[in-house]
Amino acid sequence: MKNLSEAEKRFPFLTYETFAFWAYVLGVAMTAFGPIIHYISWFFVLVSLIYGKIRYNAPLSIKLQPESKKVVFFLILFLLWSMFANVIVVESFYLWGKGSSIPLEFLTGLYLAMRLIDTSDKRKLFGLAIVAVNLIFCFDVMFRPHFYLLGWNTSLDNGNAVSLYSLLMMPFFFSYAFWFFEKKVVLKYVLPVASLMLIVFSFSSGGWLTAFFQIIIFIGYSMAIKKISIKSFFMFLVILLILLTVSPHFLGKEYLASFKREFDQITAMNDSQTMTNHRIYTWKAGVILARDHMLVGNGWATFEGNFVKNFEYLKKKVNYDGTVYFVQPHNMYISILYAGGLPAFFLFMAAFIMSTIKTWSGLKRGSLNTSIPWDLICFILMVSMAVYGTNGDVFEARRDLGVIFWASWGVLLMLPENCAQKTEGDQNENTALC
């Protein structure tokens with residue numbers, strides 16, 4: 001780094017790069033507290049990087065590996081198409097701008113993660129920040145809305161939001177417990193148990209289904225290299241069952257009622273309304289509305305307005321007899337199809353699938369033997385968001401929780417693909433594992 005000031009030479013932690021890194025990492029780690037935190041942190045990060053460019057001519061660009069280049073190429077096309085193609089059909093400039101900020105925030109978060117979290121040491125610190133902050137905060141979240149501790153970020157009063165939060169935390173908590181804190185017995189058990197409790201107390205059957213896939217993937221890979229034993233697995237189950245058994249005695253009968261509600265929903269195999277919590281109507285409505293502009297899309301922030309405008313027509317088409325207006329499709333795939341049309345849908349899915357394959361290829365190369373199994377963390381996140389996307393939408397959580405997924409996807413794209421294509425500056429990777 002050229003032309004550092006005297007203070008920066010004496011105190012390396014004062015450099016613009018270090019400041020930008022910690023501002024971004026802490027903003028992501030604390031985003032569940034409320035969206036204002038990561039918005040402020042992003043502002044400081046961008047100012048810091050621009051300062052580095054002006055003062056030291058530091059690069060704003062990123063050196064990408066071949067597979068990641070393809071993913072970023074598709075995502076840029078996705079951004080441009082989903083932002084600008086629908087400008088001809090959106091009713092107002094305000095509505096267009098409000099909606100276009102959704103994919104723009106996604107790509108901004110992705111870029112900042114790729115630019116700032118590009119070595120194994122930085123990834124380790126990023127994961128530690130996520131775990132440390134959210135291990136404490138998750139206990140505030142998991143008991144809502146029946147019991148409040150802090151009550152920060154009221155959007156997490158909603159079970160669907162808590163479900164997404166728990167799914168984003170699970171691979172971090174589990175992986176750090178069995179890899180980084182392998183010899184710290186207390187943390188090795190506290191982290192997975194806290195993660196499982198957060199998932200259970202979300203009282204979301206869709207979240208429970210997605211978590212099942214997460215846990216199966218984690219157990220399969222971790223048992224393969226003997227990070228988890230049969231004894232440990234059953235010990236976790238016993239601890240969890242004890243906690244779930246005694247919890248209603250301390251938390252009240254509302255929790256038993258919530259368990260019963262979700263159980264009735266899961267077992268309603270012959271009643272699609274109950275089983276999907278009436279989301280089958282909004283899925284059908286989303287597909288019908290998407291047909292209006294299958295090429296250019298309808299815009300990101302227009303679903304509620306279009307649903308209200310066509311309410312009577314849609315009620316007849318989907319056999320809906322309720323009075324509630326739907327504000328979103330509650331499905332990531334339908335949401336993208338509705339907002340950006342078929343081109344945006346295929347561009348996003350191509351990038352998503354290639355990214356998932358990238359992490360799976362890393363697992364096949366033996367990356368589980370590193371100090372932190374980032375390929376496993378990212379693989380679980382990609383698979384879980386694919387499953388969760390059938391009944392939820394991480395883009396709808398872009399104000400807070402989505403930021404964690406954007407950052408993780410950015411980390412994924414900077415993971416080494418092989419020894420010959422290893423990124424410059426990542427001198428901490430074990431080349432024997434590439």
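Description of the structure in this document. Predicted model only: the values in this text are computed from it and were never measured.

## Focus: the pattern of salt bridges
Point 1. The tally for this structure, following the rule as stated, stands at 7 salt bridges.
Point 2. Its salt-bridge partner being Arg-144, residue Asp-157 comes within 3.2 Å of it at the nearest N-O pair. Here Asp-157 is found in the loop between α6 (120–141) and α7 (159–180), whereas its partner Arg-144 is found in the loop between α6 and α7, with 13 residues between them in sequence.
Point 3. Among the salt bridges present, the one from Lys-227 reaches Glu-182, with a minimum N-O distance of 3.0 Å. With Lys-227 in the loop between α9 (205–224) and α10 (230–251) and Glu-182 in the loop between α7 and α8 (185–200), this pair connects stretches of sequence that are 45 residues apart.

## Quick word on the side chain of Ser-408
Point 1. As for its placement among the helices and strands, Ser-408 is situated in helix α18 (residues 402–413).
Point 2. Classification of Ser-408 by relative accessible area gives buried; the value is 3%.
Point 3. Leave out the neighbours within four places in its chain, and Ser-408 touches Phe-172, Cys-378 and Leu-381.

## Observations concerning the nonpolar core
Point 1. In this structure, Phe-348 and Trp-409 are the most contacted members of the largest nonpolar core, which totals 117 residues.
Point 2. Among the elements that make up this core, the one with the highest residue count is α7 (15 residues).
Point 3. Those residues in contact with Phe-348 that lie beyond four places of it in its chain are Leu-75, Phe-78, Phe-106, Met-332, Ile-336, Phe-395 and Trp-409.
Point 4. Ranked by size, the runner-up nonpolar core spans 15 residues in total, among them Ile-288, Phe-303, Leu-314 and Tyr-320.

## What to know about the layout of surface pockets
Point 1. In this structure, the largest pocket occupies an estimated 830 Å³ of space.
Point 2. Around the largest pocket, the lining comprises 36 residues; the ones closest to its centre are Val-327, Gln-328, Phe-395, Glu-396 and Ala-397.
Point 3. Looking at the lining of the largest pocket, the elements that each hand over two or more residues are α5 (93–116), α7, α14 (303–309) and α16 (332–364).
Point 4. Among the elements that take part in the lining of the largest pocket, α7 stands out by supplying 4 residues, more than any other.
Point 5. Each residue belonging to the lining of the largest pocket can be placed in one class, and the counts come to 15 nonpolar, 13 polar and 8 charged.

## Quick notes on helix α3 (residues 35–56)
Point 1. Compared with the 32 Å implied by 1.5 Å per residue over 22 residues, the 31 Å span of α3 between its first and last C-alpha is a close match.
Point 2. If you check which residues of α3 are buried, you get Pro-35, His-38, Ser-41, Trp-42, Val-45, Ser-48, Leu-49, Gly-52 and Tyr-56. On an axial view of α3, the arc spanned by its buried residues comes to 150 degrees, and they lie on one face. Seen from the buried face of α3, the exposed residues on the opposite side, beyond 90 degrees, are Ile-36, Phe-43 and Ile-54.
Point 3. Phi turns positive, to about 55 degrees, at Asn-57, one or two residues after α3.

Quick notes on the rules
- Residues numbered from 1 in each chain as written.
- Predicted model: local features only at pLDDT ≥ 70, side-chain atom pairs only at ≥ 80, totals over all residues.
- Heavy atoms only, no water.
- Salt bridge = Lys/Arg side-chain N within 4 Å of Asp/Glu carboxyl O.
- Helix = DSSP H or I, 4+ residues; strand = E, 2+ residues; numbered from the N terminus.
- Buried < 20%, exposed > 50% of the residue type's maximum accessible area, 1.4 Å probe, protein only.
- Contact = heavy atoms within 4.5 Å.
- Core = buried A, V, L, I, M, F, W, Y, C linked by side-chain atoms within 4.5 Å.
- 1 Å grid on protein atoms, 1.4 Å probe; cavity = no way out; pocket = protein on both sides within 12 Å on 5 of 7 lines; lining within 4 Å.
- Points joined across faces, edges and corners; volume = space filled by probe spheres on them.
- Nonpolar A, V, L, I, M, F, W, Y, C, P; charged D, E, K, R; others polar.
- Expected span 1.5 Å × (residues − 1).
- Arc of directions from axis to C-beta.

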